Amino acid sequence: MATMLLLPFRTLIPSFSSSSSSFSSSNFRPAPLRCSNDRQALFNRIAPVYDNLNDLLSLGQHRIWKRMTVSWAGAKAGDHVLDICCGSGDLSFLLSQKVGSDGKVTGLDFSKEQLLIASSKQHSKNCFSNIEWIEGDALDLPFSNGSFDAITMGYGLRNVVDRPKAMQEILRVLKAGSRVAILDFNKSEELLTSTITEWMIDNVVVPVASAYGLSEDYKYLKTSIRGFLTGKELEKLALEVGFSSARHYELSGGLMGCLVAMR
Ligand SMILES: C/C(=C\Cc1cc(O)c2ccccc2c1O)CCC[C@H](C)CCC[C@H](C)CCCC(C)C
Ligand SMILES: C[S@@+](CC[C@H](N)C(=O)[O-])C[C@H]1O[C@@H](n2cnc3c(N)ncnc32)[C@H](O)[C@@H]1O
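All values derive from a computational prediction rather than experimental measurement.

1. Looking at the overall build of the protein
So, point 1. Counting secondary structure elements, the protein contains nine helices and seven strands.
So, point 2. Of all 263 residues assigned to the protein, the portion counted as buried reaches 48%.
So, point 3. Long-range pairs, those at least 24 residues apart, make up 75% of the contacts in the protein with a sequence separation of at least 6.
So, point 4. In the structure as shown, the protein presents an accessible area of about 12,800 Å², 55% of it carried by carbon and sulfur atoms.

2. A word on the site of ligand 1
So, point 1. Around ligand 1, the surrounding shell holds 20 residues, and the nearest of these are Y50, N54, R158, N159 and Y218.
So, point 2. Separating an oxygen atom of ligand 1 from a side-chain N or O atom of R158 is a distance of 2.7 Å.
So, point 3. Alone, ligand 1 offers 760 Å² of accessible surface; in the complex the protein occludes 92% of this.
So, point 4. Secondary-structure elements contributing two or more residues to the shell around ligand 1 are α2 (30–57), α3 (61–73), α7 (191–210) and α8 (215–226).
So, point 5. Among the elements that take part in the shell around ligand 1, α2 stands out by supplying five residues, more than any other.
So, point 6. Here the shell around ligand 1 is composed, by residue class, of twelve nonpolar, six polar and two charged.

3. Points about the nonpolar core
So, point 1. The biggest cluster of nonpolar side chains holds 41 residues, and the ones touching the most others in it are I46, V81, W133 and Y218.
So, point 2. Considering every element that reaches this core, the biggest residue donor is α2, with six residues.
So, point 3. Counting residues in each nonpolar core, the second largest holds 30 residues, with I84, L108, A166 and L259 among its members.

4. Considering the side chain of N130
So, point 1. Along the polypeptide, N130 turns up in the loop between α5 (112–123) and β3 (131–135).
So, point 2. Overall, N130 belongs to the buried group, its relative accessible area being 12%.
So, point 3. At a separation of 2.7 Å, a polar atom in the side chain of N130 contacts the side chain of S96.
So, point 4. Filtering out sequence-adjacent residues up to four positions away, N130 remains in contact with S96, V99, G100, S101, G103, K104 and V105.

5. A few points about the pairing of strand β2 (residues 104–109)
So, point 1. Of all six residues in β2, five are buried; the element is thus mostly enclosed.
So, point 2. Judged from the five bridges that link them, strand β1 (residues 80–84) and β2 form a sheet pairing that is parallel. Each residue of the ladder has a partner; that of L82, found in β2, is T106.
So, point 3. Following the chain from β1 across helix α4 (residues 90–99) to the adjacent parallel β2, one finds a crossover that is right-handed.
So, point 4. Chirality of the crossover, the property in question, places the unit of β2, α5 and β3 among those that are right-handed.

6. Looking at empty space enclosed by the protein
So, point 1. Following the criterion strictly, the structure yields one cavity of 30 Å³ or more and no others.
So, point 2. Lining the largest cavity, in full, are I182, L183, D184, F185, F228, L234, H248, G257 and L259.
So, point 3. The set of elements that each furnish at least two residues to the lining of the largest cavity consists of β5 (174–185) and β7 (256–262).
So, point 4. Broken down by element, the lining of the largest cavity gets its largest block of residues, four residues, from β5.
So, point 5. Looking at the lining of the largest cavity, its residues break down into six nonpolar, two polar and one charged.

7. Quick look at the site of ligand 2
So, point 1. Contacts to ligand 2 come from 17 residues, most closely from Y50, C85, D109, A138 and G154.
So, point 2. A distance of 2.6 Å separates an oxygen atom of ligand 2 from a polar side-chain atom of D109.
So, point 3. Protein chains shield 98% of the accessible area of ligand 2, which is 590 Å² for the free molecule.
So, point 4. Broken down by class, the residue content of the shell around ligand 2 amounts to eight nonpolar, six polar and three charged.

8. A word on the sheet that holds β1
So, point 1. Sheet architecture is open: seven strands sit in the order β3-β2-β1-β4-β5-β7-β6, paired in mixed fashion. Each end of this open sheet is capped by a strand with a single partner; those strands are β3 and β6 (245–251). The average angle at which neighbouring strand axes cross in this sheet is 15°, direction not considered.

9. Quick look at the pairing of β1
So, point 1. The buried count for β1 comes to four of five residues, which makes it a mostly enclosed element.
So, point 2. Summarising the sheet, β1 and strand β4 (residues 148–154) pair through four bridges and their orientation is parallel. Looking at the pairing, L82 lines up with I151 of β4.

The rules behind each value
- Residues numbered from 1 in each chain as written.
- Chains lettered and ligands numbered in written order.
- Predicted model: local features only at pLDDT ≥ 70, side-chain atom pairs only at ≥ 80, totals over all residues.
- Heavy atoms only, no water.
- Helix = DSSP H or I, 4+ residues; strand = E, 2+ residues; numbered from the N terminus.
- Buried < 20%, exposed > 50% of the residue type's maximum accessible area, 1.4 Å probe, protein only.
- Contact = heavy atoms within 4.5 Å.
- Areas by Shrake-Rupley, 256 points an atom, 1.4 Å probe, with all protein chains shown as cover.
- Near = heavy atom within 4 Å.
- Polar contact = N/O pair within 3.5 Å; in protein donor to acceptor, adjacent residues only side chain to side chain.
- Nonpolar A, V, L, I, M, F, W, Y, C, P; charged D, E, K, R; others polar.
- Core = buried A, V, L, I, M, F, W, Y, C linked by side-chain atoms within 4.5 Å.
- Pairing = 2+ DSSP bridges.
- Right-handed = clockwise from strand over helix to strand, strands pointing away.
- 1 Å grid on protein atoms, 1.4 Å probe; cavity = no way out; pocket = protein on both sides within 12 Å on 5 of 7 lines; lining within 4 Å.
- Points joined across faces, edges and corners; volume = space filled by probe spheres on them.
- Axes fitted to C-alpha atoms, helices over the stretch in contact; angles between N-to-C directions.

Here is the structure:
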């Protein structure tokens, strides 16, 4: 029944088990694919507690960061907008209110469990009937060029295995003159800020998550932030892939950041 509610779903993630019996240097590329599957499994696993832990661990602040992201994306009434890596749908629901009944929101994610939660939240409130959920890959968006008036991505870019490709896909499906707003943890260049973030993760986030048996999944936060890009590097990446302008804004004293780029 739940799956029925989520139709039309497109499963765009191929099963990455190798059907090839012989490996050569040209066709053997297991690491990124295995990573992508591992991350998909992680987000499926944490889905039941994801919303509650975000509220608890950020003291509700993530709702403010998400409102600012939607505002920076510039969505307006009647627009068709896209929320990539939508997870349980927070940004999609905010976009839904912005674009109204004449607009349309598409929420895309590769975690079925996250999408099931998003869908169940949607059906508890009729006003969100302008949202469609799609199970798909941020690295291979199932949309034609120039489809969207605005795009958001919350805590997604850090988690994809190929960031330039994700940015190229965003650029491709955005209309000319439209904006993407990409919210994530800020990889701060300030030692004090990065020390506070890591201390919070080690001493608050992981211990709380361990009560749900998810300590390893939340430990991933620290390593993924270390492997992420600084604000300046994000701006550079956006310009390199072809955005006409890019600006990174720090939030909450530099703990979070939002990259705003225009096609
Ligand atoms: C909304 C938040 C995190 C989303 C999130 C993103 C990921 O990539 C994950 C990967 C793996 C597991 C979980 C996640 C995940 O939840 C932010 C939630 C808050 C942070 C977990 C804690 C941030 C601590 C801040 C330093 C506290 C700031 C509070 C202050 C009042 C500003
Ligand atoms: C931390 S959650 C963020 C969810 C939501 N945007 C929010 O702000 O709460 C990251 C999401 O990115 C999704 N994701 C990661 N890589 C993806 C990919 N390649 N394609 C689609 N979704 C992806 C995960 O499944 C997960 O739901």
